[in-house]
Amino acid sequence: MDKLTPKRSNEPVVWLLFGAGGAISAVFFPVLVLIIGFLLPFGLATPDNIIAFAHTWIGKLAILALLIFPAWCGIHRIHLGLHDFKVHVPAGGVIFYGLATLYSVLTLFAVFNI
């Protein structure tokens, strides 16, 4: 490998997942609070409608997006927060992002088995 060739980094992928998680959290979590916190308790929406939506492909993709991307955002925040507080976990990137990957794979299996 040439000395002029820069070392490849995983930062673009991690920052993409982090940014997507933050954006999805900011846009869609207030809607979830509205549905789960107000519409369901007051009887304006029924659990049957939500369950029926979860069984469609678009519903499964929505559930995946609402579960996976914010988790990556949170894991990235924890990892960088520990780094800011000078708590250096040996192989921290592998541990944190490995856990996020494991969570993502388990979530994929769980959602597609609905």
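See above for the structure.
These figures come from a predicted structure and were not determined experimentally. (Residues numbered from 1 in each chain as written. Predicted model: local features only at pLDDT ≥ 70, side-chain atom pairs only at ≥ 80, totals over all residues. Heavy atoms only, no water.)

**Thoughts on the packing of aromatic side chains**
Centre-to-centre distance and the angle between the planes together describe a pair of aromatic rings.
Step number 1: Counting across every chain of the model gives three aromatic pairs.
Step number 2: Taking 5.1 Å as the distance between ring centres and 85° as the angle between the ring planes, the aromatic pair formed by W15 and F18 counts as edge-to-face. Taken together, the residues span about one helical turn, with W15 and F18 both in helix α1 (residues 11–39) at a distance of three residues.
Step number 3: Judged by its relative accessible area of 13%, F18 falls in the buried class. (Phe/Tyr/Trp six-rings, centres within 6.5 Å; stacked < 30°, edge-to-face > 60°. Helix = DSSP H or I, 4+ residues; strand = E, 2+ residues; numbered from the N terminus. Buried < 20%, exposed > 50% of the residue type's maximum accessible area, 1.4 Å probe, protein only.)

**Observations concerning helix α3 (residues 57–84)**
Step number 1: Taking 1.5 Å per residue as the helical rise, α3 with its 28 residues ought to reach 40 Å, and the 40 Å between its terminal C-alpha atoms agrees with that figure.
Step number 2: Residues of α3 that are buried include every one of G59, K60, L64, I68, P70, W72, C73, I75, H76 and H79, and no others.
Step number 3: Residues of α3 that are buried in the fold lie against α1, α2 (47–54) and α4 (92–112).
Step number 4: Where α3 terminates, the next one or two residues include K86, which has phi positive at roughly 65°. (Expected span 1.5 Å × (residues − 1). Contact = heavy atoms within 4.5 Å.)

**Details of the environment of A62**
Step number 1: Turning to its location among the elements, A62 is positioned in helix α3.
Step number 2: Judged by relative accessible area, A62 falls into the partly exposed class, the value being 27%.
Step number 3: Each C-alpha atom, one on A62 and one on K86, is 36 Å from the other, the two residues being 24 residues apart in sequence.

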